[in-house]
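Architecture at a glance
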Amino acid sequence: MFKQISLADRLANRLARALPRPKMHIEPQRPIVSFTFDDVPETALSNGARILEQFGVRGTFYTAGGLSGRVHDGQPMLADEGYRELASRGHELGHHTFSHRSPVRLAGRYRDDLDRNDAFLTTVTDGYAKNFAFPYGLTSPAAQRAVDRRFRSGRGVLPGINRGPADPGLLLSVEIGGRSEPASLVGWIDDAVATPGWLIYFTHDVKDPPSRYGCPPDLLERLVGHALETGCEVLTVDAALDRLEAAP
Ligand SMILES: [Zn+2]
């Protein structure tokens, strides 16, 4: 996933992060956990969505229309019908650009690329995506401005729990990857319970064995189960923002 990141990508990303950012205050009464899936591999529907539904909860699936029906990072991606299926089962479709390129590679075409994915999303769900995830976690000053204007939230890949003053345009998130230690992943939930905050996990495929960017099904079951057992609310990103904005 990170093989395409250039020095220019890193510099633009660092520049955007150095700018002063608007903050929202996150202090939920009950800790919140969101499960998010990027790109979106077929197994994120067949296993990921299925596991969430078994627990009676839903997830956010960050969709890049240009990947629909293709093979990406060695994984078959959902085709259009799969995205319709996710939406019809109550999951949230987020926005992940159309082409899945970094801000530096898209340069002046970033907004056009966002428009193109809006057009794709209207063919598979009602209306537009409200929440965005940066491909490769890469932002830039111009991309960040575009995302801040258009979306309710943006999600990066810097690990952490969103609490206290948090940046809604560049939310922290914890990767469930093929190399993640299950015990430390579970520990993030305990941390979010000890001092309530909003923990967002992200992953890609959900299968056994997973790719280096994915998650085995039994680990996803363990995390969802642990979040619910410890009193967390498990919400889509959009529902989490509803809850946080409604908090006194
Ligand atoms: Zn991605």
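Residues numbered from 1 in each chain as written. Predicted model: local features only at pLDDT ≥ 70, side-chain atom pairs only at ≥ 80, totals over all residues.

What follows is about the overall build of the chain. Within the chain, the regular secondary structure consists of nine helices and 12 strands. Over its C-alpha atoms the chain spans a radius of gyration of 17 Å, differing by no more than 12% from the 18 Å that the globule rule assigns to 248 residues. A principal-axis box enclosing the C-alpha atoms of the chain has dimensions of 45 × 40 × 35 Å. Taking all 248 residues of the chain together, the buried fraction comes to 49%. (Helix = DSSP H or I, 4+ residues; strand = E, 2+ residues; numbered from the N terminus. Rg over C-alpha atoms; globule rule 2.2 N^0.38 Å. Buried ≥ 20, exposed ≤ 12 C-beta atoms within 10 Å, placed from the backbone.)

All buried positions along helix 3 (residues 80-88) are accounted for by Gly-82, Tyr-83 and Leu-86. The buried residues of helix 3 all sit within an arc of 100° when viewed along its axis, so they share a single face. For helix 3, the exposed residues lying more than 90 degrees away from the buried face are Glu-81 and Ser-88. Among the structural elements, helix 2 (42-54), strand 3 (60-63), strand 6 (92-95) and helix 5 (110-124) are those in contact with the buried residues of helix 3. A positive backbone phi angle near 90° is found at Gly-90, which sits one or two residues after helix 3. (Arc of directions from axis to C-beta. Contact = placed C-beta atoms within 7 Å.)

Residues Val-33, Ile-189, Leu-199, Tyr-201, Leu-223, Val-224 and Val-234 are the most contacted members of the largest nonpolar core, which totals 66 residues. Apart from residues lying up to four places away in sequence, Val-33 is in contact with Ile-189, Ala-192, Leu-199, Ala-227, Cys-232 and Val-234. (Core = buried A, V, L, I, M, F, W, Y, C linked by C-beta atoms within 7 Å.)

Structural measurements only, silent on function.
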